[in-house]
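# Descriptive structure summary
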Amino acid sequence: MNRWKKRALSLSALVLAAGAVLLVFSLQPEIAPVAPPQASQFSAEQIARGKTLAALGDCKVCHTRTGGQVDAGGMAFNTQFGTIYSSNITPDVATGIGSWSYPAFKRAMRYGINREGHYLYPAFPYTSFTLTRDDDLQDLYAWLMVQPAVSYRPPKTELHFPFNVRQGMFAWNWLFLTPGPLPVNPQHSEEWNRGAYLGESLGHCSACHSPRNLAGAEKGGSHHLSGGIVDGWSVPALNSHSPAPIAWNHQQLMQFMRTGFASSHGVAAGPMAPVIAEGLSQLPEDDLRAIATWLASFQPPWPDHGKEVSIQAEQQMMLANSPGARQFAGSCMACHAQNTGPKLYGVRPSLMLNSNLYSDSPDNLIRIVLDGIQHPATPELGSMPGFRYQLNNQQIAVLLNYLRTDLAQRASWPDLQNRIEQIRQQTEDKS
Ligand code: HEC
Ligand code: HEC
Ligand code: HEC
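One structure accompanies this document, and this report is about it. (Residues numbered from 1 in each chain as written. Chains lettered and ligands numbered in written order. Predicted model: local features only at pLDDT ≥ 70, side-chain atom pairs only at ≥ 80, totals over all residues. Heavy atoms only, no water.)

Looking now at the coordination of the iron atom of ligand 2. At 2.0 to 2.2 Å from the iron atom of ligand 2 lie its protein donor atoms, namely His336 (NE2) and Met384 (SD). Taken together, the six donor atoms surrounding the iron atom of ligand 2 define angles of 83 to 179 degrees at the centre, an arrangement classified as octahedral. Taken together, the residues span a long stretch of sequence, with histidine 336 in helix H15 (residues 333-336) and methionine 384 in the loop between helix H17 (363-371) and helix H18 (393-407) at a distance of 48 residues. (Donors = N, O, S within 2.8 Å, 3.2 Å for Na, K, Ca; no water. Tetrahedral: all angles 85-135°; square planar, octahedral: opposite > 155°, others 65-115°. Helix = DSSP H or I, 4+ residues; strand = E, 2+ residues; numbered from the N terminus.)

Next up, the structure:
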């Protein structure tokens, strides 16, 4: 045997030994199955609160596949590591979580380990859910257990090696999971703490609003809530890095979370729309008020000149006579000029104050112009038609460049036309 072979052998022995040690530490016991709990075990208040908490946690949004039954799972999450399917979380014994005791449910939410003892992947946002208090987890469990049981087995999740070895999540959790519940921050009011709790735990705002590292974990510290990317949409920062030209204030946050539209900002157009439709809009007033108090605390004090800015911008918009302005007048103005014409369609947000115009990435605007807004966060907002077939890449580029440079007064986005073509291709099948 030559030297290299010997080295390779001892190296593989080392890797094997390390693997064995990891395996021993990472093995988790199965929690014994139980008979599904009876509805009479839970109080009506518990179940009602559990329903609100399930809405806040968007369980339905991720656990219901298109055309499938509520919470029966099977929604596909395409990650860089492969495709993960959400589980059936109805109380069906064979295919869902019907045989899960409360301790089994709690372990999944707090530590990302399921009843059988398998590690779950963080496409399930347990790194946020872990921060939930026990009493709330109990109410959530009560609500889930009294829902209709659906017999459905989602497709099997198969990731590429080595990510298919669920045991590997032991190391990931060791690095990136800080088990909850969330501690109280004594420097802030009770309401602020309540808002932080709701937003950071079941609300999992940071799952989309924080950037992630190469291992797919949220970046913390000053990166927390500083913006991210989800399903090809750029997600604006909610902390002091917010791109909004007028700072978000308490009233605007309340309006946005309740209706999907804030008069000084705009609408929830992409992945934020279901978060509002299925989640935030269902919350009681005091929960929303607390979340708004928490988020507003990251913003500078509010300059109250939102209206002026948008009216000025609209006048400017109507006077301008560049190719972009003409394109806008022809394709968009009928619906997007607040001060003129009959109000035929939904809310017709003034685009001037929209965070997307001030973002480093044009992606959200490109998506909205190509495919419109087919599923408004709340029906009153109306929907917007897509322009995929009416406008070519060059026309869209001229139009967006006008919005960016004339209205938002920012440097134009580089390479816009190519970006439009890329997104057009990526979203082809959706139209
Ligand atoms: C962002 C999407 C997302 C949201 C929101 C979400 N889940 Fe999940 N959940 C998943 C995915 C994906 C899996 C499967 C993970 C895996 O296979 O490793 C999962 C797995 C689970 C499991 C493990 C089930 C099993 O049989 O192993 C439970 C329990 C669960 N989710 C409960 C919930 C509850 C309760 C909520 C709402 C409070 C919720 N989830 C919200 C994506 C989500
Ligand atoms: C038929 C009316 C109509 C036309 C034409 C139209 N829009 Fe819209 N647009 C709407 C409505 C209604 C909404 C809000 C929809 C919602 O939230 O569900 C909207 C929303 C938007 C948003 C999201 C704003 C935000 O706050 O995030 C953008 C961006 C936008 N439109 C751009 C355009 C552009 C650019 C054009 C021209 C190419 C255009 N729209 C043409 C009706 C229209
Ligand atoms: C599934 C991912 C996702 C989750 C979870 C999520 N957001 Fe969002 N959010 C987005 C995206 C994407 C946008 C921007 C595009 C759009 O309208 O969808 C957005 C936009 C927003 C905006 C508008 C910001 C601006 O400057 O225009 C606010 C405010 C907001 N989200 C608050 C929240 C809060 C509060 C939570 C937690 C309770 C939350 N979001 C959870 C994806 C998410």
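Still more ground to cover, so stick around.
Now for the pairing of strand E2 (residues 82-85). Successive residues of a regular strand alternate their side chains across the two faces of the sheet. Pairing geometry for strand E1 (residues 76-79) and E2, over four bridges, is antiparallel. Looking across to E2, one finds that alanine 76 is bridged to tyrosine 85. The turn linking E1 back onto E2 is made up of two residues. Both E2 and strand E3 (residues 158-159) contribute to a ladder of two bridges, which runs antiparallel. In the sheet register, glycine 82 faces E3, and the bridge partner there is leucine 159. (Pairing = 2+ DSSP bridges.)

Attention shifts here to the coordination of the iron atom of ligand 1. Of the protein atoms, His63 (NE2) alone serves as a donor to the iron atom of ligand 1, at 2.0 Å. Within the fold, histidine 63 resides in helix H3 (residues 59-63).

Moving on to the packing of H17 against helix H19 (residues 416-426). It is at 10 Å that the axes of H17 and H19 come closest, and there the two elements cross at 55 degrees. Classed by the angle they form, the pair H17 and H19 counts as oblique. As H17 runs across H19, the sense of the crossing is right-handed. Residues Asp363, Ile366, Arg367 and Leu370 of H17 pack against Leu416, Arg419, Ile420, Ile423, Arg424 and Gln426 of H19. When grouped by side-chain class, the residues that make up the contact of H17 with H19 number five nonpolar, one polar and four charged. (Axes fitted to C-alpha atoms, helices over the stretch in contact; angles between N-to-C directions. Parallel < 35°, antiparallel > 145°, perpendicular 65-115°, else oblique. Left-handed = near helix turned anticlockwise from the far one by under 90°. Contact = heavy atoms within 4.5 Å. Nonpolar A, V, L, I, M, F, W, Y, C, P; charged D, E, K, R; others polar.)

So, about unusual backbone geometry. The omega angle of the peptide bond from phenylalanine 161 to proline 162 is 0 degrees, so this bond is cis rather than trans. Positionally, proline 162 belongs in the loop between E3 and helix H7 (169-176). Going from glycine 180 to proline 181, the amide bond is cis rather than trans, its omega being 0 degrees. Relative to the assigned elements, proline 181 resides in the loop between H7 and helix H8 (190-200). Of note in the backbone geometry, aspartate 58 takes a positive phi value of approximately 55 degrees without being a glycine.

Applying the stated criterion to the full structure yields 14 salt bridges. A salt bridge links aspartate 287 to arginine 49; the shortest N-O distance between them is 2.9 Å. Placement of aspartate 287 in helix H12 (residues 285-296) and of arginine 49 in helix H2 (residues 44-56) is noted, with a sequence separation of 238 residues between them. Between glutamate 278 and lysine 60 there is a salt bridge, with the nearest N and O atoms lying 3.2 Å from each other. Of this pair, glutamate 278 sits in helix H11 (residues 272-279) while lysine 60 sits in helix H3, and the two are 218 residues apart along the sequence. Lysine 60 sits in the partly exposed class, given a relative accessible area of 40%. Here the salt bridges do not stand alone but share partners, grouping Glu30, Arg115 and Glu116 into one network. (Salt bridge = Lys/Arg side-chain N within 4 Å of Asp/Glu carboxyl O. Buried < 20%, exposed > 50% of the residue type's maximum accessible area, 1.4 Å probe, protein only.)

What follows covers the site of ligand 3. Around ligand 3, the surrounding shell holds 22 residues, and the nearest of these are Cys205, Cys208, His209, Met272 and Ser355. Take tryptophan 248: an N or O atom from its side chain is 3.0 Å from an oxygen atom of ligand 3. With respect to ligand 3, the backbone of glycine 270 contributes an N or O atom lying 2.8 Å from an oxygen atom. Elements that contribute at least two residues to the shell around ligand 3 include exactly helix H9 (205-209), helix H10 (250-259) and H11. A per-element tally of the shell around ligand 3 places H9 first, with three residues. (Near = heavy atom within 4 Å. Polar contact = N/O pair within 3.5 Å; in protein donor to acceptor, adjacent residues only side chain to side chain.)

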